[in-house]
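So you can see what is in the structure, the chains are spelled out below.
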Amino acid sequence: MDPAPRRATIADVARAAGVAPSTASVVFSGKAHVAEATRERVLAAAASLGYAGPDPRAASLRTGRSGIVAVVLEGPVRTVFLDPVTIAMMDGITDGLAELGAAVLLLREDAAAEGANLTNAPVDAVILIGCSGRTRRSLEIVRGRGIPVVVIEGDAGEDIPRITLDNRDAARDVARHVHGLGHRDVAVLTLALDSARERGPVTPERLAAATVDVTRDRLDGIREVFPDAPAVSAAHSSIDEGLIAGRALLADEESRPTAVLAQSDLLAAGVIRAAEERGLRVPQDLSVTGFDGVTVDGLGRHILTTSVQPATRKGRAAGEQATRMLRGEAAVSQHLTCWFRAGTTTAAPAR
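We now turn to the structure provided with this report. Source: prediction; values computed, not measured. (Residues numbered from 1 in each chain as written. Predicted model: local features only at pLDDT ≥ 70, side-chain atom pairs only at ≥ 80, totals over all residues. Heavy atoms only, no water.)

**Here we look at the nonpolar core**
When a protein is soluble and globular, its nonpolar side chains tend to lie buried together. Quick note on the threshold: Nonpolar cores are built from buried Ala, Val, Leu, Ile, Met, Phe, Trp, Tyr and Cys residues. Side-chain atoms within 4.5 Å join them into one set. Only protein chains enter the accessibility calculation, which uses a 1.4 Å probe. A residue is then buried if its area is under 20% of the maximum for its type, exposed if over 50%, and partly exposed in between.
Formed by 41 residues in total, the largest nonpolar core has its most connected members in Ile93, Ile127, Ile152 and Phe226. Formed by 33 residues, the second largest nonpolar core is a distinct cluster that contains Leu189, Leu191, Ile272 and Leu280.

Listed below in structure tokens is the structure:
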């Protein structure tokens, strides 16, 4: 078997172009000005030799860095990116990392041990999204590797920079709006409580064992206004999950709530579909609220009453703090706020 052809080097390009290796290197790095004629001669020589640029592996060995920042997601990527909040947040993260010029590697928390995962991936920093039941375990792994880490909406400890939202206050504002309309018989549809992602009633025992801070904080805010409101948990944030839960919540006409407070806009959209299946009018027969402030397909004429979170700004803040740490600067935690938006999906109860 013939040996693989040798990869052309910057020295080969310099020799073919008749310039010093340092000059050829500058053409590719762009760190200094080179005469246009010289630049064109170097690029022509590179093209003839099949040289596409410096080997990134060599740069990694010199600097001790991979030029990659990991973003840890929960669940399959194909489902994660069905959530508009995640898409907006990822846009913000890449914006925040732009000055660093780092690539972004998406990792799953439950990835197989033999593949690239949080334990062995060649990354310089990690951004953990804390709306997950595995955040604490992931944080332990990253800290054990000594890699800079930023946590979005999760319990990270005092020495880890966090990007947080006023989830409790924002959920309380939505609940106060519903209470002010006269509703007293309400139900809550929560996000997942932990990594088991079980559907069903939120019992005191399940709530005490919950590991997703966002879910607990939003429920606490609602129960400041409706302390006895029953709650059920969804497996994840999606319209389909909202439809499943909505069917169960609205099945019994005698015990049917007059309002459902959902912890995401996607879940709220599913509840609205469930109501329409039963011939209920929103908001005349049932008020529905969400949380996030995203555009949801299929709502038709409805404008969802919700709490709008700054998802893009949240991601950008995380990317900026990761950039600061990789530059050797001190990172800082940031607390962002949501704002209430009254829509057309809430009204005074008909009964």
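From this point, the narrative continues.
**A short note on the pattern of salt bridges**
To be explicit about the condition: Basic side-chain nitrogens of Lys or Arg form a salt bridge, by our definition, when they fall within 4 Å of a carboxyl oxygen of Asp or Glu. Every helix listed is a DSSP run of H or I at least four residues long, and every strand listed is a run of E at least two residues long, numbered separately from the N terminus.
Applying the stated criterion across every chain, the model contains 15 salt bridges. A salt bridge links glutamate 99 to arginine 327; the shortest N-O distance between them is 3.4 Å. Of this pair, glutamate 99 sits in the loop between helix H6 (84-97) and strand S2 (103-108) while arginine 327 sits in the loop between helix H13 (311-326) and strand S12 (334-336), placing them 228 residues apart in sequence. Owing to a relative accessible area of 65%, glutamate 99 belongs among the exposed residues under this scheme. A salt bridge links arginine 216 to aspartate 213; the nearest nitrogen and oxygen atoms lie 2.8 Å apart. Taken together, the positions of arginine 216 and aspartate 213, both in helix H10 (residues 213-225) and three residues apart, correspond to about one turn of that helix. With relative accessibility at 14%, the residue aspartate 213 sits in the buried group. Beyond isolated ion pairs, a larger network of salt bridges with shared partners links Arg168, Asp169, Arg172, Asp220 and Glu224.

**Some details on the packing of H6 against H13**
Helix packing geometry: the angle between the two helix axes and the distance between the axes. The line we're drawing: Fitting a line to C-alpha atoms yields each axis, with helices limited to the stretch in contact; the angle taken between N-to-C directions then spans 0 to 180 degrees. In this scheme the handedness of a crossing depends on how the near helix is turned from the far one: anticlockwise by less than a right angle means left-handed, clockwise means right-handed. Contacts: residue pairs with any heavy atoms within 4.5 Å of one another.
Relative to each other, H6 and H13 sit at 35°, their axes nearing to 6 Å. In this structure, H6 crosses over H13, and the sense of that crossing is right-handed. Of the residues in H13, those in contact with Val85, Ala88, Met89, Gly92, Ile93, Asp95, Gly96 and Leu97 of H6 are Ala311, Thr312, Lys314, Gly315, Arg316, Gly319, Glu320, Ala322 and Thr323.

**A word on the sheet that holds strand S7 (residues 200-201)**
Condition: A pair of strands is labelled paired if DSSP reports no fewer than 2 bridges between them.
Taken in spatial order, the five strands line up as S7-S8-S6-S9-S10 in an open sheet, and their pairing is mixed. Sheet topology places S7 and strand S10 (287-289) at the edges, where each strand pairs with a single neighbour. Bridging between strand S6 (residues 186-190) and strand S9 (residues 259-262) involves four bridges; their strand directions are parallel. From the neighbouring strand, valine 188 faces S9, where its bridge partner is leucine 261. The strands that helix H8 (residues 167-180) touches are S6, S9 and S10; relative to S9, the one it contacts most, it runs at about 170°.

**Observations concerning helix H12 (residues 265-277)**
In an α-helix, one turn spans 3.6 residues; hence positions three or four apart end up facing the same way. This is how the line gets drawn: A helix is expected to span 1.5 Å for every residue after the first.
Here H12 spans 19 Å end to end across 13 residues, near enough to the 18 Å set by a 1.5 Å rise per residue. In terms of burial, H12 is a largely internal element, 10 of the 13 residues being buried. Within the sequence span of H12, burial applies to Asp265, Leu266, Leu267, Ala268, Ala269, Gly270, Val271, Ile272, Ala274 and Ala275. Along its buried surface, H12 packs onto H6, S6, helix H11 (239-249), S9, S10 and strand S11 (306-308).

**Description of unusual backbone geometry**
The peptide bond linking valine 282 to proline 283 adopts the cis configuration, its omega dihedral lying at 10°. Position of proline 283 relative to the elements: it lies in the loop between H12 and S10. Even without glycine at this site, arginine 197 takes up a positive phi of about 55°. With respect to the helices and strands, arginine 197 occurs in the loop between S6 and S7. Since its relative accessible area comes to 28%, arginine 197 is described here as partly exposed. One non-glycine residue, aspartate 292, lies in positive phi territory at about 140°.

**Regarding the pairing of strand S1 (residues 68-73)**
The two faces of a sheet get side chains in turn, since along a regular strand they alternate between them. With respect to burial, S1 is a largely interior element, five of its six residues being buried. As defined by bridge partners, S1 adjoins S2 across six bridges and the pair is classed as parallel. Across the sheet, isoleucine 68 pairs through a bridge with alanine 103, a residue of S2. Sheet analysis places S1 next to strand S3 (residues 125-129), joined by four bridges and oriented parallel. Bridge pairing links valine 72 to leucine 128 in S3.

**Looking at the packing of aromatic side chains**
Test applied: Pairing of aromatic side chains here covers Phe, Tyr and the six-membered ring of Trp, requires ring centres within 6.5 Å, and sorts the geometry by plane angle: under 30 degrees stacked, over 60 edge-to-face, intermediate tilted. When the NZ atom of lysine or the CZ atom of arginine is within 6 Å of a ring's centre and also within 35 degrees of its normal, the charge is said to sit over that ring.
In total, this model carries zero aromatic pairs according to the counting rule given. Positioned above the aromatic ring of phenylalanine 291, the side-chain terminus of arginine 218 is 3.7 Å from the ring centre.

**Regarding helix H1 (residues 10-17)**
Looking at H1, one finds that the buried residues are Asp12, Val13, Ala14 and Ala17. The first or second residue beyond H1 is glycine 18, which carries a positive phi of 75°.

**Observations concerning the environment of alanine 275**
Locating alanine 275 in the fold gives a position in helix H12. Overall, the relative accessible area of 0% leaves alanine 275 in the buried class. Ignoring anything within four residues of it in the chain, the contact list for alanine 275 reads Leu250, Leu280, Val282 and Leu286.

**Quick word on the side chain of threonine 346**
Heads up, the condition is: Any pair of nitrogen or oxygen atoms within 3.5 Å is treated as a polar contact; in protein, a donor-acceptor pairing is required on top of that, and neighbouring residues in sequence qualify only through side-chain atoms on both sides.
Tracing the backbone through its elements, the reader meets threonine 346 in the segment after strand S13 (339-341). We classify threonine 346 as buried; its relative accessible area is 11%. One polar contact links threonine 346 to histidine 177, side chain to side chain, over a distance of 2.9 Å. Engagement of the side chain of threonine 346 in a polar contact is seen with the side chain of threonine 305, the distance being 2.9 Å. Apart from the residues within four sequence positions on either side, threonine 346 is in contact with His177, Leu181, Pro283, Ser287, Val288, Thr289 and Thr305.

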